[in-house]
Amino acid sequence: MDFALSEEQELLQSTVRGFVAKECPPQTVHAVFDGERGAASALWQGLAEIGVAGLCVPESLGGAGLELLELALVAEELGRGAVPVPFLGHALASLALARGGSLRQQEAWLPRLAAGTARATVALAEDGARWLPPDWRVELANSRVSGRKALVPEAEGAALFVVGCRGGGLALVPAGPGVRVTPEPTLDRGRPLAALELDGAAGEPLPACDAASLIDAACVLLAADAFGAAHQLVRATTAYLQARQQFGQPLAQFQALKHQLADMALEIDPTRGLWWYAAHAFDHVPAEAPRAAALAKAHITERAQQVARDAVEAHGGIGFTWESDVHLWFKRVMFDRLWLGAPELHRERYAALEGW
Amino acid sequence: MDVRFGDEYEKLRAEVQAFCADSWPPRGDAARLGAREQAIAWRKRALGAGFLHRTVPREYGGAGAAQDVLAETVIRQEFDRAGVPHRGVVQGPQMLVPTLLECGSEAQRRRFIEPTLTGELVWCQGYSEPGAGSDLASLQSRAELVGDEWLLRGQKIWTSQADRADMMFGLFRTEPGAPKHAGISYLLIPMRTPGIEVRPLTMMQGGEDFCEVFFDGARIPAENIVGRRGEGWQVSRSTLKHERMLIGDSAIVRITFDALVELARRVQRDGRPALAQPLVRQRLAEIAGYLATQEWSVARMLTALHQQREAQVASEMLMAKLQSTNVQQRIAKLALELIPEAGLIEPGASDATMGVGEFTPGRWVSNYMYSLAFAIAGGASNVQRNIIGELVLGLPRDRRPPSQ
C-alpha cells in the first residue's frame, strides 16, 4: 500500500500553491468580484504557462499526460486561494476529449487547449436541476445541436463546448453560429455561469463518450476544490481569532471558540484521503470510481459548507461584510456544493450504487 | 499511489486465513475447555506462529519482527473476519507491554510480558480517581515506601476488568512534596494483595465492566515500580498513546456500520424495508461519508508510518480518536431510529455490548448507551478538542488557575 503522493505530485502541488500565493492574494479575488475580469484572464494565462491548462492532455499533443489525481491536486490549490480561473470547465472538457475524442478531434483541439490559446468548457445541466445524463434533452442530429443548457461554467470566451445530449451522449460544439451565451448573475463571481442556447449549432459526437465518468471526474474536482477552500477557511479563521482581542485577550484563548475551531478542522482535515481515493479510483479502480466520487462530492462539499458558515459566525460582524475575505470562500464552497447537484442527489446515487 | 497491499501482503493474508481456519474454533480436547482457556490456547498458537504481538522481542514471547503496520493491518483484518480471540483484554497486551518494553526493567519484562501476551495474566489500569479524571495528574492515591515495601492507600475508579484482573498497573503519589506531575510513580500491583477491595460498578445499560478499587494499607514489593520514583507520569504517557491508537482502529466501526445497513434492510416500514426510504438512505450515506473519511485517513496514516514519514499525518493522528467516537455515535443513534420500540425494553444479559456476536435489538439499545463511553474513556471528547486546537491549529493553551 502506498496511499501517498509521489514526489512529482507533491512538486506539482507546491508549484501551483506557490503560484497562487504569489499571484492571487485575496485582493486579486476581490478585484475580480468587483468586476475586473482582466485580472482573471491574466491568472489563467499564468497558470497555462506552468502547464495547468494541459495536465490531462496526452504528451504527444502538448500536454502533461497526467491523471485525475493531478487535476484534483490543482483543484485543491485553486480552492485554497479561491482562484477565479476557468479551470473546472476547461479541465473537464479536455478530459472528455482526451478520453473520448477521435484522433482527428483530439489533434484539432487538444494542442490549443493544452497551450491555453483556446479555452473549452462543459455544458451539462439543463433547466430544472437536470444535472445527470439520463435527464438531458438537448438534441444532436445530423451534426446539428439544438436546445438549452443551463449553468455552464466560464462559457463566455470559450472556443469549444462539450455538450451533454439526450441519451447520455456528448457533443463537441465550437463557438460560432447558432451558439448563444447568456451570462447569469453568479453568486461565486470568480466562476461565472451562463445559459447556452444552441439553435442548430454545428456539432459532432465524441465517439468514445462516457458522460457518466465525466460526472465522476467533475464530482472529484468539486470535492477537492471544496476541501482546499474549507481547509484554508479553518486556517484563516484561526489566524483571525488569534489576532482579534476582546476582554483583554485573544478570542482564541476562549475555550468555546477553540472547540469550535477544533470541530471545524475535524470535519474537513481528515477528508483529504476521501477525494484522493476517488481521484485515484477514477484511473486505477474503475469499478469503485462512481461510488467513491459520489461519496466524496456529497460528503466533502457538505462539510465544507458548514465550515464556511461556522467561519462567518466566528469572524463576527466583519465576516458578514463584502470587504472580508470570508465570503469569497463561502461562495466558492456554495458553488462546489450545488453545481452538479446538492449532496442529497449524490447520496442517493451512492445508496443505489451500494445496492441499498 | 497504490491502494492495494501488494503480493507480499496478500501472501501473508492467505497464511493468516489458513492459520485461522486451522486454529479456530477449537476442535478436539480444546473444544471442551472454558472460553478463557480456549482463548489462551489460541493466543499461544498465534504467538508461536508470529501473527500476534509480532514486534515483541523473542525473549519476551513475541516474534521479534520489525514494525510493519501493513502486515499488522492485514493480520488484524483477517483475525476480525475470522472472529478469533485476538483482542482479548486489551489493557495488558496493548498498554502495559509497550510500556514495559520502553521503561521496564529486564526482570519485569521477563516476568510479565509473555504471560500477559498469552492472556494468562490479566491486567487492569489504575489511573482515574474520584477527584482525578481529565485532570489525571491531580490524583491523590498514595504509596509510601516502608522498608522494602510500598504501602498503598487511596481509591481508583472506572477501572475496567478490575474484578477479573490478576494485576494492576497504576499511578500513585509517592513524593508528597513534589510538584503535581513530578510526584507520581508507576506501580505494578498484584490484585490479590490483602488490603485491596474491588467493588464492581453496574453500567447504565446493565452489566459490569468497570470497578472501584480501594487500597487500605496494601503492601507490594518495592521492586514493583516501572521507571524511577517520581517519573510515573512520563512512563504512563506511552500507555495513553497506545490507548488512543486502539480507539482509532476503524475495522470495528465498519463491522457495526454493515450491521446497521442490514438492520435497515430487515426492518419493515409501511410494508417495505426501511432501507428503501429516502430519509434512511440519506442518513446511511451521510454516515458512509464519515466512515470512508476515517478509513482513508487511516490508510494515509498507515502509509506514512510505513514510510517513516509520520510528520505528514501528525494532525490526522491527533484527530483519529474524536473522529472515530463521532462516527460510532452516529451509527448508534440511527440504529435506534430504525427500531424505536426496542429502546423501551431493557437489554438482556445475552445481548452483547461489543466485539463479535449477533446484533440483536437489545445490543443496539445497549450500544446506544455504550457508544457514549467512547466520548469519555481514553481522553474525553472535549479534551480531544483542546488537543486539536492546541497541537493542530496552534491555538493558545488554556489558562490554568493560579494555584497550579
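What you see is a predicted model, and the numbers here were worked out from it, not measured in a lab.

J.: Which residues make up helix α1 (residues 7-23) of chain A, and what values do they have?
T.: Residue and element names in this part refer to chain A. With 17 residues, α1 should reach 24 Å at 1.5 Å per residue; the first-to-last C-alpha distance of 24 Å fits that figure. Restricting attention to buried positions, one finds in α1 the residues Leu12, Val16, Phe19 and Val20. Taken end-on, α1 shows its buried residues confined to a sector of 95 degrees, consistent with a single buried face. Those residues of α1 that are exposed and aimed more than 90 degrees away from the buried face are Glu7, Leu11, Ser14, Gly18, Ala21 and Lys22.

J.: Residue-level account of the environment of Arg36(B), with values.
T.: Residues and elements named next belong to chain B. Looking at where Arg36 falls in the secondary structure, it is placed in helix α2 (residues 35-48). A residue is classified by how many C-beta atoms lie within 10 Å of it, and Arg36, with 15 of them, is partly exposed. Sequence separation between Arg36 and Met317 is 281 residues, and the spatial gap between their C-alpha atoms is 34 Å.

J.: Got a sec to walk through the pairing of strand β5 (residues 184-190) of chain B? Specific residues and values, please.
T.: Residue and element names in this part refer to chain B. In terms of residue burial, β5 counts as a mostly covered element, since 6 of its 7 residues are buried. Where strand β4 (residues 167-173) and β5 come together, 7 bridges link them in antiparallel fashion. Paired with Met168 across the two strands is Ile189, which belongs to β5. As judged from the 2 bridges shared by β5 and strand β8 (residues 225-226), these two strands associate in the antiparallel manner. Bridging across to β8, Leu187 finds its partner in Ile225.

J.: Any details on the sheet that holds strand β5 (residues 169-174) of chain A? Residues and values, ideally.
T.: Residue and element names in this part refer to chain A. Pairing is mixed in the open sheet, where 4 strands are placed in the order β1-β4-β5-β8. Of all strands in the sheet, those bounded by a partner on one side alone are β1 (120-123) and β8 (204-205). When β5 meets β8, the two strands line up antiparallel, connected through 2 bridges. Directly across from Leu172, in β8, lies its bridge partner Glu204. Relative to β1, helix α5 (residues 87-100) is tilted by about 85 degrees, and along the sheet it contacts β1, β4 (160-165) and β5.

J.: Give a detailed account of the domain arrangement of chain B, specifying residues and quantitative values.
T.: Interface size is commonly expressed as the accessible area that is lost once the parts come together. All names here are of chain B. Each assigned domain of chain B is listed with its residue range as follows: domain 1 (7-88), domain 2 (123-228) and domain 3 (248-392). Distance between the C-alpha centres of domain 2 and domain 3: 32 Å. Its residues placed into classes, the side of domain 2 that touches domain 3 shows 1 nonpolar, 4 polar and no charged.

J.: Account for the pairing of strand β7 (residues 208-221) of chain B, naming residues and giving values.
T.: Residues and elements named next belong to chain B. Bridge count for strand β3 (residues 149-160) against β7 is 10 bridges, and the pairing is antiparallel. Along β7, the bridge assignment pairs Gly154 with Phe215. Sheet topology note: the strand β6 (residues 196-202)/β7 ladder contains 6 bridges and is antiparallel. Across the sheet, Glu197 pairs through a bridge with Phe214, a residue of β7. A loop of 5 residues connects β6 with β7, the two strands running antiparallel in sequence, and Gly206 in this loop sits at a positive phi of about 90 degrees.

J.: Which residues make up helix α1 (residues 7-23) of chain B, and what values go with them?
T.: Residues and elements named next belong to chain B. Between the first and last C-alpha of α1 there are 24 Å, a value that for 17 residues agrees with the 24 Å anticipated at 1.5 Å per step. Among the residues making up α1, those that are buried are Val16, Phe19 and Cys20. What you see down the axis of α1 is that its buried residues fit within an arc of 95 degrees, all on one side. What points out from α1, more than 90 degrees from its buried face, is the exposed set Asp7, Glu10, Lys11, Ala14, Ala18, Ala21 and Asp22. The elements touched by buried residues of α1 are α3 (69-82).

J.: I'd like to hear about the domain arrangement of chain A, residue by residue, with values.
T.: All names here are of chain A. According to the domain assignment, chain A consists of domain 1 (7-115), domain 2 (120-205) and domain 3 (211-353). The centre of domain 1, based on its C-alpha atoms, is set 21 Å off from the matching centre of domain 3. Every contact between the two is made by 20 residues of domain 1 and, on the other side, 23 residues of domain 3. Looking at the side of domain 1 that touches domain 3, the elements with two or more residues in it are α2 (26-33), α4 (68-80) and α5. Of the residues forming the side of domain 1 that touches domain 3, the biggest block, 10 residues, is contributed by α4. A breakdown of the residues in the side of domain 1 that touches domain 3 according to their chemical character gives 15 nonpolar, 1 polar and 4 charged.

Scoring rules and cut-offs
Residues numbered from 1 in each chain as written. Chains lettered and ligands numbered in written order. Predicted model: local features only at pLDDT ≥ 70, side-chain atom pairs only at ≥ 80, totals over all residues. Helix = DSSP H or I, 4+ residues; strand = E, 2+ residues; numbered from the N terminus. Expected span 1.5 Å × (residues − 1). Buried ≥ 20, exposed ≤ 12 C-beta atoms within 10 Å, placed from the backbone. Arc of directions from axis to C-beta. Pairing = 2+ DSSP bridges. Contact = placed C-beta atoms within 7 Å. Axes fitted to C-alpha atoms, helices over the stretch in contact; angles between N-to-C directions. Domains from an automatic or database assignment. Nonpolar A, V, L, I, M, F, W, Y, C, P; charged D, E, K, R; others polar.

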